[in-house]
Amino acid sequence: MAKVHLEDIKRKFNNVTAIEDISFEIPDGEFWVLVGPSGCGKSTILRTIAGLESATSGKLFIGDTLVNNVPARQRDVAMVFQNYALYPHMTVAQNIAFGLEMRKVDSKIIQERVANVARSLALEHLLDRKPKQLSGGQQQRVALGRAIAREPQVFLLDEPLSNLDAQLRDDTRAELKQLHQELGITTIYVTHDQVEAMTLADQIVVLNRGRIQQIGAPQSVYARP
Ligand code: ADP
Ligand code: ADP
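Report on the accompanying structure. Everything numeric here is computed off the predicted structure, so don't read it as measured data.

**With respect to the site of ligand 1**
In the region of ligand 1, the neighbouring residues are Phe13, Ala18, Pro37, Ser38, Gly39, Cys40, Gly41, Lys42, Ser43 and Thr44. Within the backbone of Gly39, a nitrogen or oxygen atom sits 2.7 Å from an oxygen atom of ligand 1. The contact in question runs from an oxygen atom of ligand 1 to an N or O atom on the side chain of Lys42, over 2.9 Å. Compared with its free state, where it exposes 560 Å², ligand 1 has 59% of that area covered by protein. For the shell around ligand 1, the leading source of residues is helix H1 (residues 42-50), giving three residues.

Here it is in C-alpha cells:
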C-alpha cells in the first residue's frame, strides 16, 4: 500500500493537451474511481501513474518517492486492462505466476501466492486450463489474479468489467470489492458505469476535457437535486 500523489500533472501529445492541472492525493489503501466522458483523459492518468506515459510537466509521487523518471517495470504498480491480455499459450497458474517469475521470486513463494490468489478469486479448479478454455469473466479474474499476485503497492484498473455481460459484471464487481477489503491495496479504477463508481469508490474524480471537474464521495457526486 502506498499513497499516490499527483501534483499539477500535464500531458501533451504534440499540440493536443490530453490532461492538465491534475492534482490529487490518494491516501494509503483507498479506492478511487475516475469517471468522465470518452476522451476526457482517464486512461492517460492511469497510464502516467503506471509509467506507460510520461508527464509533460508536474510531479507524481508513489509513497514518498518522486517517480517521474522511474521506468514502469521498476514501479510497484500493477495494471489491468479492459481486454484481459492473458498469455494464450500459458495455463492459468502460469499466467498468475508470470509477473513473479519475471521478478525472480523464489518458486516456493510463487506457489503460495498462486494458491492464495486462486482461492481469493475462485480459480482453484481452473489452474491447469488455457485462457481460451475459460469464459470472459473467468479470464478477467485471471487477469486480476495475475496483477495482485505481485502484491503491488498500487493497483490500476482501466474499465476491467466493461467486456463482461451484466450478471458477470455484478459478480466480478462484488469480488473486486471484497478483494480490496481483504488486501487494502491503493486502487485507482476507471469506469463509465455509475453503479460501479457508486459501489466501489471511496472518492470519485470527475474529469472533463482533461481537467478535474469535481472530487467527492459517491453521494456528493451523484446526489440528485
Ligand atoms: P479517456 O481514457 O478518458 O477516454 P484518454 O486518456 O484515452 O481519454 O485520451 C485523452 C485525450 O488524449 C483524447 O483527446 C485522446 O485522443 C488524446 N490521446 C490519448 N493518447 C494519445 C496519444 N497516444 N496520441 C495522441 N493523442 C492521445
Ligand atoms: P479508452 O478506452 O480510454 O477510450 P482509447 O481507445 O481512447 O481508450 O485509447 C486506446 C489507446 O490509444 C491508448 O493507448 C491511447 O493512448 C491511444 N490513443 C488514444 N487516442 C489517441 C490518438 N488521438 N492518437 C493516438 N493514440 C491515441
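After that view of the structure, there is still more to cover.
**Thoughts on the pattern of salt bridges**
Scanning the entire structure with this criterion turns up nine salt bridges. Of the charged contacts, one joins Arg211 and Glu20 as a salt bridge, the two residues approaching to 3.2 Å between their closest N and O atoms. Placement of the pair is Arg211 in strand E10 (residues 211-216) and Glu20 in strand E2 (residues 16-26), with a sequence separation of 191 residues. Accessibility expressed as a relative area gives 37% for Arg211, which makes it partly exposed. The salt bridge partner of Glu53 is Arg47, with a shortest N-O separation of 3.3 Å. On the basis of relative accessibility, which here comes to 27%, the residue Arg47 falls in the partly exposed class. Three or more residues joined by partner-sharing salt bridges are found here, namely Lys3, Glu25 and Asp64.

**Here we look at the sheet that holds E2**
The sheet built from four strands is open, its strands ordered E2-E1-E4-E5 with antiparallel pairing. The sheet is open, and its two borders are formed by E2 and strand E5 (65-66), each paired with just one other strand. Inspection of the sheet shows strand E4 (residues 57-62) paired to E5 by two bridges, in the antiparallel sense. Bridging from a neighbouring strand, Phe61 pairs with Leu66 of E5.

The rules we used
- Residues numbered from 1 in each chain as written.
- Chains lettered and ligands numbered in written order.
- Predicted model: local features only at pLDDT ≥ 70, side-chain atom pairs only at ≥ 80, totals over all residues.
- Heavy atoms only, no water.
- Near = heavy atom within 4 Å.
- Polar contact = N/O pair within 3.5 Å; in protein donor to acceptor, adjacent residues only side chain to side chain.
- Areas by Shrake-Rupley, 256 points an atom, 1.4 Å probe, with all protein chains shown as cover.
- Helix = DSSP H or I, 4+ residues; strand = E, 2+ residues; numbered from the N terminus.
- Salt bridge = Lys/Arg side-chain N within 4 Å of Asp/Glu carboxyl O.
- Buried < 20%, exposed > 50% of the residue type's maximum accessible area, 1.4 Å probe, protein only.
- Pairing = 2+ DSSP bridges.

None of this, on its own, says anything about what the molecule does.
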